[in-house]
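Each chain, letter by letter, is given below.
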Amino acid sequence: MTEPTLVDSHCHLDRLEGAEQPGAVAQYLADARDQGVGHVLCVSIDMGNVHDVLAIARENPGVSASAGIHPNEEPDPETEPDAAALRELALDPVVVAVGETGLDYFRSGEDEDMGWQRDRFRRHIGVAREVGKPLIIHTRAAAEDTLTILREEGAEQCGAVMHCFAEDRDVARRALDMGFYISLAGIVTFRNAAELKEVAKMVPEDRLLVETDAPYLAPVPNRGKPNRPAWVRHTAEHVAELRGTSLEELARTTTANFHRLFPRAEGAAAA
């Protein structure tokens, strides 16, 4: 593949190994282009890094950004953004999505009150609806509540992607029924991911995305190493094999899907 056709629909360029070094992010992006990756969505996870994420998108062609707070970021009265602050960030021209946001009960005790996570999640959905930009959804050990809140808050109005999807076919089907996209990361290449491989086969062609979630969850054959955007190609190759199609066709389809879900991405990269 010589022409850029793939999109890494979710990564954290500011957190890549050595990213703080001058020229490091640019080199990661050049390496990705060499593997056919034409666009990267750099995702915000907290108020401490959101401006770094926006700066990376402004400074690097072929990069767009999101604005939001990961559900595992503990609430801080001094930094927790209200709807107005989130709205201001989401309206930045380089921002194409709101998130990542959602629910994550995995790291919390069963009896811990997760009300603050749900309130924050609802706030993000409301802002996404207001600004007309899609949501990037993180869910772990919280699929039922995640889908319920998405439905209650009318997330279908702005659209969403279930990023780094690791749930079963039932959750996938319910998300698809709400009009959402499914994004597959390196987990799908793992030998023990049998259920997820079945999900990869059943997602409709027009709702599928691929991502790295770099620097996390590197795909086979680089499992256990710090991930990087170039390696989205390994995930795409594996998903193409599972679906019985070519890498070129899967790249064409997932790239078209990305730009359909995030129509501001081209303009954001040039902002």
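Scroll up a little and you will see the structure.
**Some remarks on the environment of N227**
Position of N227 among the secondary structure elements: in the loop between β8 (208–210) and α8 (232–243). Those residues in contact with N227 that lie beyond four places of it in its chain are L16, T212, A214, P215, Y216, L217, A218 and P219. At 3.0 Å, the side chain of N227 and the backbone oxygen of T212 are in polar contact. Polar side-chain contacts of N227 include one of 2.8 Å to the backbone oxygen of Y216.

**A short note on helix α1 (residues 24–34)**
Those residues of α1 that sit buried are A24, V25, Y28, L29 and A32. An end-on view of α1 places all buried positions within 140° of arc, on one side of the element. On the buried face of α1, the contacting elements are β2 (37–42), α2 (50–59) and β3 (63–67). Positive phi shows up at G36, right after α1, with a value of about 85°.

**A look at the packing of helix α6 (residues 169–177) against helix α7 (residues 194–202)**
In contact at an axis separation of 9 Å, α6 and α7 are set at 30° when each is read in the N-to-C sense. Regarding the angle of α6 to α7, the classification is roughly parallel. Two packed elements cross with a definite hand, and for α6 against α7 that hand is right-handed. Here α6 contributes R169, A172, R173 and L176 to the contact with α7, which in turn contributes E195, E198, V199 and M202. Its residues assigned to classes, the contact of α6 with α7 comprises four nonpolar, no polar and four charged.

**Remarks on the pattern of salt bridges**
Enumeration according to the criterion identifies 16 salt bridges in this entry. Among the salt bridges present, the one from E144 reaches R174, with a minimum N-O distance of 2.7 Å. Residue E144 is located in helix α5 (residues 143–152), and its partner R174 is located in helix α6; the two are separated by 30 residues in the primary sequence. A salt bridge links D170 to R174; its shortest N-O distance comes to 3.4 Å. Placement of the pair is D170 and R174 together in helix α6, with a separation of four residues, close to one helical turn. What emerges from the salt-bridge pattern is a single network uniting D14, R15 and D46.

**Describing unusual backbone geometry**
Cis geometry is adopted by the peptide bond preceding P215, which originates at A214 and carries an omega value of 15°. Take P215: it is sitting in the loop between β8 and α8. Within the chain, C164 stands out as a residue other than glycine whose phi angle is a positive 45°. Looking at the element boundaries, C164 is found in the loop between β6 (160–162) and α6.

**Things to note about the packing of aromatic side chains**
In the structure shown here, the tally under the stated rule is one aromatic pair. Note on F258 and F262: the rings are 4.9 Å apart at their centroids and 50° apart in plane angle, and the pair reads as tilted. Across the pair, F262 and F258 agree in class, each one buried. If you follow R140 out to its NZ or CZ, it ends over the ring of F106, 3.6 Å from the centre. Above the ring of F190, the side-chain terminus of R223 is found at 3.7 Å from the ring centroid.

**Regarding the pairing of strand β5 (residues 135–140)**
The side chains of a regular strand alternate between both faces of the sheet. Most of β5 sits inside the fold, with five of its six residues counted as buried. One ladder, built from three bridges, connects β5 with β6; its direction is parallel. Bridge assignment links I136 to a residue of β6, and that residue is V161. Assessed by its sense of winding, the connection that carries the chain from β5 through α5 to β6 is right-handed.

**What to know about the sheet that holds β8**
What the eight strands build is an open sheet, ordered β1-β2-β3-β4-β5-β6-β7-β8; its pairing is parallel. The two strands at the open ends of the sheet, each matched to only one other strand, are β1 (6–11) and β8. For this sheet, the mean inter-axis angle between neighbouring strands, taken without regard to orientation, is 30°. Two elements, strand β7 (residues 181–184) and β8, share three bridges in a ladder whose sense is parallel. Bridge assignment links S183 to a residue of β8, and that residue is L209. The sheet contacts of helix α4 (residues 115–131) involve β4 (95–104) and β5, and relative to β4 the element is tilted by about 160°.

Rules used in this analysis
Residues numbered from 1 in each chain as written. Predicted model: local features only at pLDDT ≥ 70, side-chain atom pairs only at ≥ 80, totals over all residues. Heavy atoms only, no water. Helix = DSSP H or I, 4+ residues; strand = E, 2+ residues; numbered from the N terminus. Contact = heavy atoms within 4.5 Å. Polar contact = N/O pair within 3.5 Å; in protein donor to acceptor, adjacent residues only side chain to side chain. Buried < 20%, exposed > 50% of the residue type's maximum accessible area, 1.4 Å probe, protein only. Arc of directions from axis to C-beta. Axes fitted to C-alpha atoms, helices over the stretch in contact; angles between N-to-C directions. Parallel < 35°, antiparallel > 145°, perpendicular 65-115°, else oblique. Left-handed = near helix turned anticlockwise from the far one by under 90°. Nonpolar A, V, L, I, M, F, W, Y, C, P; charged D, E, K, R; others polar. Salt bridge = Lys/Arg side-chain N within 4 Å of Asp/Glu carboxyl O. Phe/Tyr/Trp six-rings, centres within 6.5 Å; stacked < 30°, edge-to-face > 60°. Lys NZ or Arg CZ within 6 Å of the ring centre and 35° of its normal. Pairing = 2+ DSSP bridges. Right-handed = clockwise from strand over helix to strand, strands pointing away.

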